[in-house]
Amino acid sequence: MNTLMKTMCWRGMDTVFRSRNHTNLLYEIPKYCRCMAFITPSPDFKSSSNLTMEIIENYGMKDKKTLQVLVSMPSLTSVNPDTWKKILDVLITHGFSAMNVVDMAIRHPNLLKSSPQKLLQTWNTWAEILNQRSSARSLVMEHPVFLSLSKGDIISRCEQLRAVTGSYKFVANILSRCPQIMFQSLSELEQVTDYISTKMVVRNVAEYYNSTALGCTLEEVKTRHEFLVRCGKYVTPNLKQSEKVPTGNASLTEIFDTSEEEFATRIAGVTLEEFVVFQTMYEEELRQRAGDLEGSETDDTDYDTDSDSDLDSKNK
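Residues numbered from 1 in each chain as written. Predicted model: local features only at pLDDT ≥ 70, side-chain atom pairs only at ≥ 80, totals over all residues. Heavy atoms only, no water.

(A) Structural context of the overall build of the chain. If you tally the helices and strands in the chain, you get 17 helices and 0 strands. At a minimum sequence separation of 6, the contacts of the chain that also span at least 24 residues come to 68%. Accessible surface for the chain amounts to roughly 18,900 Å². Of this, 52% is attributable to carbon and sulfur atoms. (Helix = DSSP H or I, 4+ residues; strand = E, 2+ residues; numbered from the N terminus. Contact = heavy atoms within 4.5 Å. Areas by Shrake-Rupley, 256 points an atom, 1.4 Å probe, with all protein chains shown as cover.)

Shown next, in the form of structure tokens:
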């Protein structure tokens, strides 16, 4: 391209990028520059993509809509066909269909980055810990990202949830509703479960696995609970009373599975505006408490240091 052509090309491009209307970019670019607007897939990419589609279809995947979605995702069709074959072999052997595998890969492309050995180990961990392969299969199909978790993360969080609900069967229910639990810190999960069981004194196990309460942050749990307490809508149950005695309090589902407006108006019996204002004030209150706690700990440390110094001087 000679100097004149280069100048015309960049002026044309400059006009496009400075224009406020980018609706039809292609038609504003000079003809001799249109080649810059497209990147033609290499022959290797096309052959790899075609082979991938052929392998998937050979496994019985016939759903045209899903295949169209797959074709539109180069991050999946560009994956080595042999990788697809290995992943399909592993999962189909354990009861998944080709449709299941493709659907999971579309929603969680990193699934194809797992080695067959790692994938098999993760699947076996879920199947063993839930003690029911059908439940485990339904859970990972709903949340395929669970197949990318480590064995340690799966066991530690599921153990914590089992301690609350008393059964791994209910663990699957909770994770289906609150997949974020698998990505929370273990300490926060422990704090939330402790708060609900000791501060709110919720003893009905069904309330835990029928709500999304355990998927909330500690601050969210504290805020809604404390608001109900101050509105006179939540009374801490007496531990001496039988669990079967109705408390009159709203259930965890009513408290945590409702929108802010529904929670404020229907559960707390106030306006949404009052709840919004309370959230701001309570957030500041919690911040001040945390600051006071840090200050008292610092004072205690200083006191201990001074005491030690006094003792040392006396001993001398």
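(B) Structural view of the packing of aromatic side chains. For the structure shown, the criterion picks out 9 aromatic pairs. Taking 5.3 Å as the distance between ring centres and 20 degrees as the angle between the ring planes, the aromatic pair formed by Trp126 and Phe146 counts as stacked. Residue Trp126 is found in helix H8 (residues 116-130), and its partner Phe146 is found in the loop between helix H9 (133-142) and helix H10 (151-165); the two are separated by 20 residues along the sequence. Judged by relative accessible area, which is 0%, Trp126 ranks as buried. For Phe146, a relative accessible area of 0% gives the class buried. Plain terms: the ring middles of Phe227 and Phe275 are 4.9 Å apart, the flat faces sit at 50 degrees to each other, and that makes the pair tilted. Here Phe275 lies in helix H17 (residues 272-315) and Phe227 lies in helix H14 (residues 218-230), a separation of 48 residues in the sequence. For Phe227, a relative accessible area of 5% translates into the label buried. Residue Phe275 is classed as buried on the basis of its relative accessible area, which comes to 1%. (Phe/Tyr/Trp six-rings, centres within 6.5 Å; stacked < 30°, edge-to-face > 60°. Buried < 20%, exposed > 50% of the residue type's maximum accessible area, 1.4 Å probe, protein only.)

(C) Here's a closer look at unusual backbone geometry. At Asn131, a position not held by glycine, the phi torsion is positive, near 60 degrees. We classify Asn131 as exposed; its relative accessible area is 66%.

(D) Representation of the packing of H8 against helix H11 (residues 168-177). Where H8 contacts H11, the axes come no closer than 8 Å and their chain directions differ by 125 degrees. Put simply, H8 runs oblique to H11. Contacts between H8 and H11 involve Trp126, Ile129 and Leu130 from the first element and Tyr168, Val171, Ala172 and Leu175 from the second. Among the residues making up the contact of H8 with H11, the classes are represented as 7 nonpolar, no polar and no charged. (Axes fitted to C-alpha atoms, helices over the stretch in contact; angles between N-to-C directions. Parallel < 35°, antiparallel > 145°, perpendicular 65-115°, else oblique. Nonpolar A, V, L, I, M, F, W, Y, C, P; charged D, E, K, R; others polar.)

(E) Region of interest: the packing of H8 against H9. Packing of H8 against H9 brings their axes to within 8 Å, and their N-to-C directions diverge by 130 degrees. By the angle between their directions, the pair H8 and H9 is classed as oblique. At the point where H8 passes H9, the crossing takes the right-handed sense. Here Trp123, Asn124, Trp126, Ala127 and Leu130 of H8 lie close against H9, whose contacting residues are Arg133, Ser135, Ala136, Arg137, Leu139 and Val140. Across the contact of H8 with H9, the residue classes break down as 7 nonpolar, 2 polar and 2 charged. (Left-handed = near helix turned anticlockwise from the far one by under 90°.)

(F) Geometry of the pattern of salt bridges. A complete count under the given rule lists 12 salt bridges for this structure. Here Glu226 ties to Arg230 by a salt bridge, and the two come within 2.9 Å at their closest N and O atoms. Placement of the pair is Glu226 and Arg230 together in helix H14, with a separation of 4 residues, close to one helical turn. A relative accessible area of 18% means that Glu226 is categorised as buried. Residue class for Arg230 comes out partly exposed when judged on its relative accessible area of 44%. Here Glu284 makes a salt bridge to Arg287, at a shortest N to O gap of 2.5 Å. Within this pair, Glu284 and its partner Arg287 are both found in helix H17, separated by 3 residues, close to a single helical turn. What makes Glu284 partly exposed here is its relative accessible area of 35%. (Salt bridge = Lys/Arg side-chain N within 4 Å of Asp/Glu carboxyl O.)

(G) Layout of the nonpolar core. Core analysis: the largest hydrophobic core is formed by 76 residues, its most contacted members being Trp84, Trp126, Leu175, Ile196, Met200 and Leu214. Not counting chain neighbours up to four residues away, the residues in contact with Leu175 comprise Trp126, Leu139, His143, Phe146, Cys158, Leu161, Ile181 and Met182. (Core = buried A, V, L, I, M, F, W, Y, C linked by side-chain atoms within 4.5 Å.)

(H) Local environment of the environment of Phe275. Separated by 11 residues in the primary sequence, Phe275 and Ala264 place their C-alpha atoms 6.1 Å from one another. Every residue in contact with Phe275, bar those within four places of it in the chain, is listed here: Thr223, Arg224, Phe227, Glu260, Phe263 and Ala264.

(I) Local environment of the confidence of the model for the chain. Of the residues in the chain, 78% have a pLDDT of 70 or more, and the chain-wide mean is 82. For residues 2-46, every residue scores under 50 in pLDDT, and the model assigns this stretch 25 contacts once sequence neighbours within four places are set aside. (pLDDT = per-residue confidence, 0-100.)

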